[in-house]
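# Analysis of the macromolecular model
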Amino acid sequence: MTAPAVESILHSLSELCVSGDNFAWENPRRFSAYANRLQLDLNQFLRSSSPEALSTSVQTALRGLSGDLSKAVEVVSVYRNRSKIFVLINCQSLCASLQKHTVAIGGWLALLESAMPEGSDSRKKVADLSQDMKQAEFRVSENEERVHCTLRKEGQGRQSSKAVQSAIIMDLARALGIEADNHVKLLEEVKLLKTDLTSSNSLVERRVLMSLERIMDSWTVHPVTPVWNFDFDFEEDAQMSPFRNFLCPLTKEVMKDPVVLESSQNYERTAIEYWFRRCIEDGCDPTCPVTGQVLNSTKMKPNIGLAGAIEEWVNRSIEIQLKSAVRCLAENQPPVDSVERVLDIIYKISEEHPSSRYRVRNSGVVLLIIKVLRHCAKSIGTHLRGKALMTLLSLAKDEESKNMMLEEGITRLAIHSLIGSSEKEKEYAVKLLLLFSRDEAYCTKIASEKGALVLLSSMAGNLEHPGLSNLAEEVLKQMERVEDNVHHLAEAGRFEPLLSRLCEGTDDVKKEMARLVGRMTLTNSSKEQIARKSAKTLIQLLSKPEGRAPSLQALNNLSVLEDNATILVDSAVVPALTNILFENQDDSELKELAAATIANIVQHPGRWELASIDKKGYLMQSETTVFRLLGLLVHVSPQCQVSILRILYGIASSPQASESVVTHIKSGDGIGSIMPFLEHPEVEHRIYAFRLTRILSATFGEDLANELNLADKLPLFKDKLLDNQSTDGERSDAACILANLPLSEDDIKSVLGTSFVRWTVVTLKDRLRGSANWRTSRSSSFLEEGLLGLLLHFTQNPDPETVGIVKEHSLMNILREWLNFHMKPRVKQLAALGLKNLSDSRKTIISSGDSEVQLPRGLCSSLQFNCWKRPPEMQVCAIHNVSCEEDTQFCLLRSKCIKPLVDLLKDEDTNVQIAAVEALSTLIIDSSNNNFKKSVDELEHQGVIEAAITLFTEVRPGILQERLLWMIERILRVENNVKHSLNQSLVRALVEAFRHGNANAKRHAQDALTNLKQLSGASGKNSSQSRPRR
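None of these values were measured; they are calculated from a predicted model.

## A short note on the overall build of the protein chain
Secondary structure assignment for the protein chain yields 53 helices and three strands. When the accessible surface of the protein chain is summed, it comes to about 49000 Å², and 49% of that surface belongs to carbon and sulfur atoms.

## What about the side chain of lysine 591?
Tracing the backbone through its elements, the reader meets lysine 591 in helix H30 (residues 588-602). Although buried, lysine 591 forms no salt bridge, and the nearest oppositely charged side chain, glutamate 583, lies 6.2 Å from it. In contact with lysine 591, other than residues within four places in its own chain, are Ile580, Leu581, Phe582, Glu583, Gln585 and Cys640.

## Describing the packing of helix H24 (residues 496-504) against helix H26 (residues 524-541)
Taken N-terminus to C-terminus, the directions of H24 and H26 make an angle of 15°; their axes are 9 Å apart at the nearest point. With respect to each other, H24 and H26 are oriented roughly parallel. The two elements H24 and H26 meet at a crossing, and its hand is left-handed. Packed against H24, whose contacting residues are Glu496, Leu499, Leu502 and Cys503, the element H26 presents Gln529, Ile530, Lys533, Ser534, Thr537 and Leu538 at the interface. A class-by-class count of the residues in the contact of H24 with H26 yields five nonpolar, three polar and two charged.

## Quick look at the packing of aromatic side chains
All told, the structure shown has five aromatic pairs when counted by the stated rule. Aromatic pair phenylalanine 243 and phenylalanine 246: ring centres 5.2 Å apart, planes at 85°, arrangement edge-to-face. A residue is classified by how much of its surface remains accessible, and phenylalanine 246, at 4% relative accessible area, is buried. A network of ring pairs unites the aromatic residues Phe243, Phe246 and Trp313 as a single cluster. If you follow arginine 30 out to its NZ or CZ, it ends over the ring of phenylalanine 138, 4.8 Å from the centre. It is lysine 824 that lies over the ring of phenylalanine 782; its NZ or CZ is 3.9 Å from the centre.

## Some points on the pattern of salt bridges
According to the stated counting rule, one finds 55 salt bridges in the structure shown. In this structure, the salt-bridge partner of arginine 139 is glutamate 137, at a minimum N-O distance of 2.3 Å. You can call arginine 139 exposed: its relative accessible area is 58%. Under the relative-accessibility criterion, glutamate 137 is labelled partly exposed at 42%. Glutamate 784 is paired through a salt bridge with arginine 767; the nearest N and O atoms lie 3.6 Å apart. Here glutamate 784, found in helix H41 (residues 778-796), pairs with arginine 767, found in helix H40 (residues 754-769); they are 17 residues apart in sequence, far enough to count as distant. Each of Glu113, Glu118 and Arg123 takes part in salt bridges that share partners, so that together they form one network.

## Comments concerning the environment of valine 569
As for its placement among the helices and strands, valine 569 is situated in helix H28 (residues 562-570). Valine 569 has contacts with Val574, Ile601, Arg607, Trp608 and Ala611, leaving out every residue within four places of it along the chain.

## Digging into a negative patch on the surface
Together, Asp669, Glu702, Asp703 and Glu707 give the surface a local cluster of negative charge. Within the fold, glutamate 702 resides in helix H36 (residues 701-710).

## Describing the nonpolar core
Ranked by internal contacts, the top residues of the largest apolar core, which has 171 residues, are Leu498 and Leu901. With residues up to four places along the chain from it excluded, the contact list for leucine 901 reads Leu819, Ala832, Leu835, Leu892, Ala916, Ala919 and Leu920. Core analysis: the next-biggest nonpolar cluster, separate from the first, contains 149 residues, Leu69, Ile105, Phe246 and Val365 among them.

## Digging into the sheet that holds strand S2 (residues 266-268)
Pairing in this open sheet of three strands is antiparallel, and the strands run S2-S1-S3 from one edge to the other. Edge positions in the sheet fall to S2 and strand S3 (301-302), since each of these pairs with one other strand and no more. As defined by bridge partners, strand S1 (residues 258-260) adjoins S3 across two bridges and the pair is classed as antiparallel. Paired with valine 259 across the bridge in S3 is proline 302. Contacts between helix H11 (residues 269-281) and the sheet are confined to S1, S2 and S3, with S2 contributing the most and set at about 90° to the helix.

## Description of the environment of proline 302
Structurally, the position occupied by proline 302 is in strand S3. Contact partners of proline 302, with chain neighbours within four places excluded, come to Pro258, Val259 and Arg269.

## Thoughts on the packing of helix H32 (residues 638-653) against helix H35 (residues 683-699)
Where H32 contacts H35, the two axes come as close as 9 Å, and the packing angle between them is 25°. One way to sum up the angle between H32 and H35 is to call them roughly parallel. Of the two possible hands of crossing, H32 and H35 adopt the one that is left-handed. The segment H32 lies against H35, with Pro638, Gln641, Val642, Leu645, Arg646, Leu648, Tyr649, Ala652 and Ser653 engaging Glu684, His685, Tyr688, Arg691, Leu692, Arg694 and Ile695.

## Some remarks on the state of the cysteines
Per the stated rule, a full pass over the model turns up zero disulfides. Note on cysteine 149: no disulfide assigned, nearest cysteine sulfur contributed by cysteine 284 at a separation of 4.3 Å. Cysteine 279 forms no disulfide, and the closest cysteine sulfur to it belongs to cysteine 284, at a distance of 6.4 Å. Residue classification places cysteine 279 among the buried residues on the basis of a relative accessible area of 3%.

## Brief notes about the side chain of threonine 693
Mapped onto the fold, threonine 693 is located in helix H35. Residues contacting threonine 693, with those up to four places away along its chain left out, are Ile674, Leu678, Leu704, Phe717 and Ile737.

## A few points about helix H29 (residues 573-582)
Residues three or four positions apart in an α-helix share a direction because the helix packs 3.6 residues into each turn. Within H29, eight of the ten residues are buried, which leaves it mostly tucked inside the rest of the structure. The set of residues buried in H29 consists of Val573, Val574, Ala576, Leu577, Thr578, Ile580, Leu581 and Phe582. Tucked into the core, H29 has its buried residues touching H26, helix H27 (548-558), H28, H30, helix H31 (623-632) and H32.

## A closer look at unusual backbone geometry
Across residues other than glycine, the phi torsion is negative in most instances, and most of the peptide bonds are trans. A positive phi angle is found at alanine 572, which is not glycine, with a value near 65°. Within the element layout of this structure, alanine 572 appears in the loop between H28 and H29. Phi is positive for aspartate 712, close to 55°, though the residue is something other than glycine. Along the polypeptide, aspartate 712 turns up in the loop between H36 and helix H37 (714-722). You can call aspartate 712 exposed: its relative accessible area is 60%.

## Observations concerning the confidence of the model for the protein chain
Summarising the model, the protein chain shows a mean pLDDT of 83, and 89% of its residues fall at 70 or more. The low-confidence segment residues 851-870, where pLDDT is below 50, has 15 contacts with residues more than four positions distant or belonging to other chains. Considering only residues more than four positions removed or in separate chains, one finds that residues 1017-1030, a stretch of pLDDT under 50, has 20 contacts.

## Details of the environment of lysine 1002
Here lysine 1002 lies in helix H53 (residues 999-1018). Residues in contact with lysine 1002, not counting those within four places in the same chain, are Ala993, Phe994, Arg995 and Gly997.

Calculation rules
Going along each chain's sequence as written, the residues are numbered from 1 onward. In keeping with the model being predicted, local features are shown solely for residues with a pLDDT of at least 70 and side-chain atom pairs are shown and tallied solely at 80 or more, while totals for entire chains, interfaces and linings include all residues. Computation of side-chain values: all heavy atoms of the structure, hydrogens and water removed. Helical segments are the DSSP runs of H or I of at least four residues, strand segments are the runs of E of at least two, and each set is numbered from the N terminus. To be clear on the numbers: accessible area is Shrake-Rupley with a 1.4 Å probe, and residue cover counts the displayed protein chains and nothing else. Type-normalised accessible area, obtained with a 1.4 Å probe on protein chains alone, sets the label of each residue: buried when under 20%, exposed when over 50%, and partly exposed for intermediate values. None of His or the chain ends enter the tally, which takes Lys and Arg as positive and Asp and Glu as negative. For this document, the term salt bridge refers to a Lys or Arg side-chain nitrogen within 4 Å of an Asp or Glu carboxyl oxygen. Contacts are residue-level and defined by heavy atoms, with any inter-residue pair within 4.5 Å sufficient. Fitting a line to C-alpha atoms yields each axis, with helices limited to the stretch in contact; the angle taken between N-to-C directions then spans 0 to 180 degrees. Roughly parallel refers to an angle under 35 degrees, roughly antiparallel to one over 145, roughly perpendicular to one between 65 and 115, and oblique to any angle outside these ranges. For any helix crossing, the convention is left-handed if the near helix is rotated counterclockwise from the far helix by under a right angle, and right-handed if that rotation is clockwise. Under this grouping Gly is polar, as are all residues other than the nonpolar Ala, Val, Leu, Ile, Met, Phe, Trp, Tyr, Cys and Pro and the charged Asp, Glu, Lys and Arg. Paired rings are identified among Phe, Tyr and Trp, the last through its six-membered ring, by centres lying within 6.5 Å, and are further divided according to the angle between planes into stacked (under 30 degrees), edge-to-face (over 60) and tilted (the rest). The rule for a charge over a ring is simple: NZ of Lys or CZ of Arg within 6 Å of the ring centre, and within 35 degrees of the ring normal. Patches draw on residues past 30% relative accessible area with no salt bridge. Two like charges within 9 Å are joined, as are two nonpolar side chains (Val, Leu, Ile, Met, Phe, Trp, Tyr) within 5 Å. Charge coordinates come from a single atom per side chain, which is NZ of Lys, CZ of Arg, CG of Asp or CD of Glu. By convention a nonpolar core is built from buried Ala, Val, Leu, Ile, Met, Phe, Trp, Tyr and Cys residues, the set being connected through side-chain atoms within 4.5 Å. Strand pairing is assigned whenever DSSP identifies at least 2 bridges connecting the two strands. We call a pair of cysteine sulfur atoms a disulfide when they lie within 2.5 Å. A score between 0 and 100, pLDDT records how confident the predictor is in each residue.

Here it is as structure tokens:
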């Protein structure tokens, strides 16, 4: 049982018993010494003892020794095989592990010693070794402890200055036994650590590695000295390097404030202060980074002599560098790489030696940099433009240099860089502007530069680059302090300064701001923003005589936006405006502005219909208001006349006010007041006069026709429609007016004429053909509506010449196309009514004996057919029971108009549905006709009956229901139409119509129900006695 344990012990001891020189660390070297003694004592014991005679306690001791020695081998192998930095990171845990196993081994040796013979030499040796190992203390050296602590802290991801990084490298090199300036060897150790951590899962170890790699990338043992080569020849000492003692051991840079420690080492004050602060944070005693000496005091003494020598060297170096910079920049096209080096030099001089900025200015470098920016901006590229702006920003901290830049136009160059392609260029351009904007005089100059505020506002609102956005916002806030910049800021879309002054300023300031709003060209969003915040203030200004003009200008500008109408109405603007418009004063400008603003508000239906215009509670659509508006038309200026016509048109167009306004215009002799403007020389007067007349014609067509006939103005609308020089709006309104007027047959023939019918049909056809190439607009939509309405005049009682035009131009096909093409309900309604009129005309043609197909007549007619071909078989129309040609323009069936009309029954507009029902009703011939059943069967086949019944079951009482009842009642007169008698939805709808409809609806519903009962009885169902059909 003891053989494996003994074998394991011997194997472990062979691993541990090596020369101490093979270990770089003290702790494994000491443990190896203990292992050598143990190997000698154990070998002597095993030689003198038989394995079979070993006691239980000895066997236990050997097994314990085997386990702890195996674990100790693992710890020692880390010291031997892993990188030194890895050992330093884990030195505490490794030391503790060795301590633990050494003490444990001492305990097992004590057990072994108790089983050995008394007084033997081997027992004494084992006892001594046991005592030594139990009392052994393994420690980490102070330097190793410091480096271990530092590396662990670095593993926490904290940021370190360059000085602290240098001190860390010095401590690390000292712990590794490497010279601090042996950069190659240090890098090798870091690479070995990276290899060790390939399979490591320790987050701390990986963070330490990342931190060391970052430090090694940024740290260098070579001094950073301000020496540059411009490829120019100067005196021998032009490239004079600094003395070594000028350089700080931590920063590797020329010291500005050298101090000396108790270790007699010189450091840059800020650098060594950083290191002391880090030592205190890590809980370590401050040390001298170069020597590693623990300092008794952190007292630093200025090295005045060294500082003087360094200053003298720096001044000489700056002088040489400035000469080189001037010579380089003075060239017409300096090399790009030379320009970059110069800019780096000047920036370094300005930042590290602020007291030398005046030297840079006096040398002419500032002007030369501006010259390069102005003349070589494209050739040097955005990267160098950014560097040039960065350098000027640093130099601008000198007041005289800043003034020099401004005189040379640096603001314009900086503004131009706001559109640069790199973020750095834009950043330094904005920082320059921010620096200049702290002076009010410069603020005004920046704001006056073209595009400056627009670019800054755009940049301030760009949240993708928050740094730039915040800088631009700061510049704009500086601009807002200056009164003269308010206008420029508002034009750039920044309205806060304007609005704050408009709402909170003195009366004079408010007037000036209102005048500014009135003059500005604003976006829709800007108008809404200003209206929401300042509407009440502007209305308050209207109460003050000197504030009326600027306030009206602003309100007129804001009222153009549709969304602002509600805002202004809610702010009680209408009473104030009407008061100015109606009051007795001769200030025509104020009246024009007030009328124009009211016109803008009432162009869009909304809350103005409910707003009182005075203390008496009159509304815009009240009779008094309309009469006063009509009365003003004669007395005000032409511009005010246009606005009043716009007001009348606006309030007459409102769905809530239209009926009352149109009535008031008629009763107030408004037709006579408006009529002269139909022929006004100014286009705008005519446009709104025509629009108003169109609205009036829809309600009072007969009165309007009488007025026009008396004044002989009826031909005016025809001429306007045919005049291609007139505006589209005038022509559209003229067409609608003529369509709405109840013209007599004499008027149609004398005023319009057959040639006008032909022109109307051709125009509609052309617009259908060109529909793919023009966009639907308000004027074109009204023109189509008017033209279709005109055709209704001609299709109601077509004379032979009109019939010929209908056939020639396939009018029914055109109307069918307009059913499908247009989205405006009124156009579809008129097209359906036109089809109704043409279909009705077919009945007249049939009753008059006119046949559309004429067979050859005369003596040779039969021979003619016999010679050439058989006479055609005449197909009888299922609807009309006569022959209808395929291309007839009076038969809905042959012209394939039934399906489009059936589709209109599903339209959302009730008027369109009524027109479609009326057109389809023309297909239901007198039920006494023998062909009636055949006609109904055809309508069933075409889907008319099913669609009509479906619609009837869904509609409410009204005209549409009445028209459908008329159709259904006649359809149900057909015998053997059993399926309708089983339609319970139809029965319920008929019962509801009988209960709730008007007199006609009740009569048709009663007849339909009677027909259903007769059908039910004929099909074997129970039915009550039906009354005879009427």
